[in-house]
Amino acid sequence: MTGIYDVEPNALIEKAAEELKKVDAIKPPTWSSYVKTGHFRQRPPIDRDWWYIRSAAILRAVYMLGPIGTQKLRTKYGGKKDRGHKTEHYFKGSGSIIRKILQQLEKAGFIKKGDKGVHKGRVITGAGTSFLHKAAKAIQGKKESKMSEVSTHSTGGKQRSKKDDGKILSTQSQSKSESHQPTGGSLEEEAAKQKPKV
């Protein structure tokens, strides 16, 4: 069975973000078009669908690191602030954005509040796990179909065996050896032919 560890994280997040657009509970707020994702950022995100991408990334983080809370996710999505000639300092990401996304994912039924020993926070539900596994399976299916197309295209639509490859190599080496053989004349005759006429 294909899981989230079998595919690349960026591909999984992009695919999950596409699927999250179909979920009614996941909607970007009105202020998401002009807000920065953290104090350390200089500008708002360029991608218009950044809310869905961040939601998918947080859902994956809850799956892998849960139970996890807002503060640990703020640290995860933080970064260094450019302070001009002064030394860069690390700042946490926006807590409001993470909190709203966690609430929306909880409303959609993908995560819930839980604890594990001394750790408390959000954990993934069965629906959330199924959602991520379906996204991973779709990516793996596309990858396998692409690989089969490439292999059939490279062989000209035919499956070649090792015997065929051996025959091709032997004919190529034979043609090369024939092309390098002398034409039968002596070396003086060859040199005279190649000598330019004055």
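Since the model is a prediction, treat every value here as computed from it, not as a measurement.

### Describing the environment of Glu-8
Following the sequence through the fold, Glu-8 ends up in the segment before α1 (9-20). The exposed category is assigned to Glu-8, whose relative accessible area is 58%. Each C-alpha atom, one on Glu-8 and one on Ile-139, is 9.2 Å from the other, the two residues being 131 residues apart in sequence.

### Details of the packing of aromatic side chains
Applying the stated criterion across every chain yields a total of three aromatic pairs. Taken together, a centroid distance of 5.9 Å and an interplanar angle of 80° make the contact between Trp-31 and Trp-51 edge-to-face. You can see Trp-31 sitting in the loop between α1 and α2 (50-65) and its partner Trp-51 sitting in helix α2, a full 20 residues away along the chain. What makes Trp-51 buried here is its relative accessible area of 1%. Measuring from centroid to centroid gives 5.5 Å for Trp-50 and Trp-51, while their planes differ by 75°, and the two rings are edge-to-face. Of the two residues, Trp-50 and Trp-51, both sit in the buried class. Connected via pairs of aromatic rings, a cluster forms that spans Trp-31, Trp-50 and Trp-51. A cation over an aromatic ring shows up here: Lys-76 above the ring of Tyr-77, its NZ or CZ 5.7 Å from the ring centre.

### Some remarks on the pattern of salt bridges
Applying the stated rule across the entire model yields four salt bridges. Sharing partners across several salt bridges, the network here consists of Lys-15, Glu-19 and Lys-22.

### Looking at helix α4 (residues 95-108)
Across its 14 residues, α4 extends 20 Å between first and last C-alpha, which sits within 8% of the 20 Å expected from 1.5 Å per residue. Buried positions along α4 lie against α2, α3 (70-76), β3 (111-116) and β4 (119-124). The distance from a side-chain oxygen at the start of α4 to the backbone nitrogen of Ser-96 is 3.5 Å, and the residue carrying that oxygen is Ser-94. Of the residues trailing α4, Gly-109 is marked for its positive phi of about 90°.

### Quick look at the nonpolar core
If you look at the biggest cluster of nonpolar residues, it comprises 33 residues, and the most contacted ones within it are Leu-20, Ile-58, Leu-73 and Leu-105. Where this core is concerned, the elements lending two or more residues are α1, α2, α4 and α5 (126-154). With nine residues, the single largest contributor to this core is α2.

### What to know about the side chain of Thr-70
Position of Thr-70 among the secondary structure elements: in helix α3. Using a relative accessible area of 16% as the deciding quantity, one classes Thr-70 as buried. In this structure, Thr-70 is in contact with Gly-95, Ile-98, Arg-99 and Leu-102, ignoring residues within four places of it in sequence.

### With respect to the packing of α1 against α2
Where α1 contacts α2, the two axes come as close as 8 Å, and the packing angle between them is 120°. Judged by the angle between their axes, α1 and α2 are oblique. Crossing angle aside, the handedness with which α1 passes α2 is right-handed. Residues Pro-9, Leu-12, Ile-13, Ala-16, Ala-17 and Leu-20 of α1 lie in contact with α2, whose contacting residues are Tyr-52, Ile-53, Ser-55, Ala-56, Ala-57 and Arg-60. Of the residues belonging to the contact of α1 with α2, the class tally is ten nonpolar, one polar and one charged.

Calculation criteria
Residue numbers restart at each chain and count upward from 1, following the sequence in its written direction. In keeping with the model being predicted, local features are shown solely for residues with a pLDDT of at least 70 and side-chain atom pairs are shown and tallied solely at 80 or more, while totals for entire chains, interfaces and linings include all residues. Note that water and hydrogens are dropped before the side-chain values are worked out from all heavy atoms of the structure. Each helix corresponds to a stretch of at least 4 residues labelled H or I by DSSP, and each strand to a stretch of at least 2 residues labelled E; elements are numbered beginning at the N terminus. Exposure is judged per residue with a 1.4 Å probe applied to protein chains only, and the accessible area is read against the type maximum: over 50% gives exposed, under 20% gives buried, and values in between give partly exposed. Here is the rule: rings of Phe, Tyr and Trp (six-membered ring for Trp) pair when centre to centre is within 6.5 Å. Planes less than 30 degrees apart are stacked, more than 60 are edge-to-face, and the remainder are tilted. A ring has a charge above it when a Lys NZ or an Arg CZ is no more than 6 Å from the ring centre and no more than 35 degrees off the ring normal. Criterion for a salt bridge: a side-chain nitrogen of Lys or Arg within 4 Å of a carboxyl oxygen of Asp or Glu. Take the residue count of a helix, subtract one, and multiply by 1.5 Å to get its expected span. The contact criterion used is simple: two residues touch if any of their non-hydrogen atoms lie within 4.5 Å. Each polar contact in these results corresponds to two N or O atoms within 3.5 Å; when the atoms are within protein, one needs to be able to donate a hydrogen and the other to accept it, and residues that are neighboring in sequence are counted only if both atoms are side-chain atoms. Buried Ala, Val, Leu, Ile, Met, Phe, Trp, Tyr and Cys residues form a nonpolar core when they are joined through side-chain atoms within 4.5 Å. Lines fitted to C-alpha atoms define the axes, with helix axes restricted to the stretch in contact, and inter-axis angles between N-to-C directions lie between 0 and 180 degrees. Reported orientations rely on four angle classes, namely roughly parallel under 35 degrees, roughly antiparallel over 145, roughly perpendicular from 65 to 115, and oblique for the rest. By convention, the crossing between two helices is left-handed when the near helix turns anticlockwise from the far helix through less than a right angle, and right-handed when the turn is clockwise. Asp, Glu, Lys and Arg are counted as charged, while Ala, Val, Leu, Ile, Met, Phe, Trp, Tyr, Cys and Pro are counted as nonpolar; the rest, among them Gly, fall into the polar class.

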